[in-house]
Amino acid sequence: GVFNPKPHETYIGRSLLFIAIGLLQSSLICLGDLFYLNIQCQHPVYFLFAGWFTSIVYVSIIYALTVSFGDIGKAVCVVLLVMQVAGSGGTFPIECAPKFFQIVYPLLPFVHSMNAMRECIAGFYGNYYMVEMAKMALYLIPSLLLGLLLRKPIVRLNEVFIEKLESTKLM
């Protein structure tokens, strides 16, 4: 059993490695914010937890896309990154952004992680922190479905597509 792991076991094993690296990175960033930049944070433990959970969600999305779609998944990840920087309200208020970004704004995971971290910094307002964390958790569902259940058929479909593309001798 150790030398012949099942596909879902290799997926989970590799994702745990990437999640561990992501947790180290988010710890460094959040602790740097707290102790190097000396941000005034009302709830530093919750701030760290928001950073860790954000890292887990993002790593899961990126790993599922890249492992399932290959280079196309990497390109989708870059597009998601650019969309989140431009359309999350992190650089300018979302009301100043073009209409397209105002429409996709609530669908981006970065929005919810920023809102959760703002709650930790400025103080809690009702259960807004938990609502934002729950919204982020919803992004785990499709990434796990894609990585664990749909990956194999998609990889086969990609292989067939690449064979057809190579037979045209255009690439």
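Residues numbered from 1 in each chain as written. Predicted model: local features only at pLDDT ≥ 70, side-chain atom pairs only at ≥ 80, totals over all residues. Heavy atoms only, no water.

1. Overview of the overall build of the chain
Definition in use: Numbering of helices and strands starts at the N terminus; helices are DSSP runs of H or I of at least 4 residues and strands are runs of E of at least 2. Under the scheme applied here, a residue whose accessible area is under 20% of the maximum for its type counts as buried, over 50% as exposed, and between as partly exposed, the area being computed with a 1.4 Å probe on protein chains only. Computed with the Shrake-Rupley method and a 1.4 Å probe, the accessible areas treat only the protein chains shown as cover for residues. Under the counting rule used here, the positive set is Lys and Arg, the negative set is Asp and Glu, and His together with the chain ends is not counted. For the purpose of locating charges, the reference atoms are NZ of Lys, CZ of Arg, CG of Asp and CD of Glu.
Counting its secondary structure elements, the chain contains 7 helices and 0 strands. For the chain, the α and β elements follow one another from N to C terminus as α-α-α-α-α-α-α. Along the first, second and third principal axes, the C-alpha set of the chain runs to 60 × 45 × 30 Å. Taken over 171 residues, the chain has a buried fraction of 34%. Carbon and sulfur atoms make up 72% of the accessible area of the chain, which amounts to about 11,400 Å² in all. The positive charge centre, built from 11 side chains, and the negative charge centre, built from 9, are 8 Å apart in the chain.

2. Considerations on the packing of aromatic side chains
Applicable threshold: Any pair of Phe, Tyr and Trp rings, taking the six-membered ring for Trp, is counted once the centres come within 6.5 Å. Such a pair is stacked with planes under 30 degrees apart, edge-to-face with planes over 60 apart, and tilted for the rest.
Within this structure, the stated rule accounts for 7 aromatic pairs. Aromatic pair Phe18 and Tyr63: ring centres 5.2 Å apart, planes at 55°, arrangement tilted. One end of the pair, Phe18, is in helix α1 (residues 7–36); the other, Tyr63, is in helix α2 (residues 44–69), and 45 residues separate them in sequence. Note on Phe18: relative accessible area 37%, which makes it partly exposed. Feature note: the residues Tyr11, Phe18 and Tyr63 constitute an aromatic cluster, connected by ring pairs.

3. Quick notes on unusual backbone geometry
One non-glycine residue, Asn38, adopts positive backbone phi at about 55°. On the secondary structure map, Asn38 appears in the loop between α1 and α2.

4. Re a nonpolar patch on the surface
Using the following cut-off: Like-charged residues are merged into a patch within 9 Å and nonpolar side chains (Val, Leu, Ile, Met, Phe, Trp, Tyr) within 5 Å, provided each residue has over 30% relative accessible area and no salt bridge. By definition, a salt bridge exists where a carboxyl oxygen of Asp or Glu is found within 4 Å of a side-chain nitrogen of Lys or Arg.
Taken together, Ile12, Leu16, Leu138, Ile141, Leu144, Leu145, Leu148, Leu149 and Leu150 make up a surface patch of nonpolar side chains, about 810 Å² in accessible area. Contributions of two or more residues to the nonpolar patch are made by α1 and α7 (140–167). When residues of the nonpolar patch are assigned to their parent elements, the largest contribution, 6 residues, is made by α7. Residue position: Leu149 is located in helix α7.

5. Considerations on α7
This is how it is decided: Note that bend, as reported per residue, equals the angle between axes fitted to the 7 residues terminating at that residue and the 7 residues originating from it.
Maximal helix bending in α7 amounts to about 70°, located at Leu150; proline Pro153 follows within four positions. Of all the positions in α7, only Leu140, Ser143, Leu146, Gly147, Arg151, Ile154 and Asn158 are classed as buried. Looking one or two residues beyond α7, the residue adopting positive phi is Lys169, at roughly 60°.

6. Some thoughts on helix α3 (residues 71–87)
For clarity, the cut-off: Residue count minus one, scaled by 1.5 Å, sets the expected span of a helix. Within this analysis, the arc is defined by the directions that extend from the helix axis to the C-beta atoms. Only heavy atoms enter the contact rule, under which two residues are in contact if any of them lie within 4.5 Å.
Compared with an ideal rise of 1.5 Å per residue, which puts 17 residues at 24 Å, α3 spans 24 Å between its outermost C-alpha atoms and is within 8% of the ideal. Within α3, burial applies to Gly73, Cys77, Met83, Gln84 and Gly87. The buried side chains of α3 occupy one side of the element, clustering within an arc of 130° when seen end-on. The outward face of α3, more than 90 degrees from its buried face, is lined by the exposed residues Asp71, Leu81 and Val82. Buried residues in α3 make contact with α2, α4 (99–104) and α5 (109–122).

7. Some details on the confidence of the model for the chain
Our working definition: What pLDDT conveys is the predictor's confidence in a given residue, as a value from 0 to 100.
In this model, the chain carries an average pLDDT of 89, and 96% of its residues clear a pLDDT of 70 or more. By mean pLDDT, α7 is the weakest element of the chain at 83, and helix α6 (residues 128–137) is the strongest at 96.

8. Overview of the nonpolar core
Selection criterion: Buried residues of nine kinds, namely Ala, Val, Leu, Ile, Met, Phe, Trp, Tyr and Cys, make up a nonpolar core once their side-chain atoms join them within 4.5 Å.
In this structure, Phe47, Phe53, Val57, Tyr129 and Met133 are the most contacted members of the largest nonpolar core, which totals 23 residues. Of all the secondary structure elements, the ones that give two or more residues to this core are α1, α2, α5, α6 and α7. At 9 residues, the largest contribution of residues to this core is made by α2. In contact with Tyr129, not counting residues within four places along its chain, are Tyr46, Phe49, Ala50, Ala116, Glu119, Cys120 and Phe124. Met83, Ile94, Phe101 and Val111 belong to the second-largest nonpolar core, a separate cluster that totals 7 residues.

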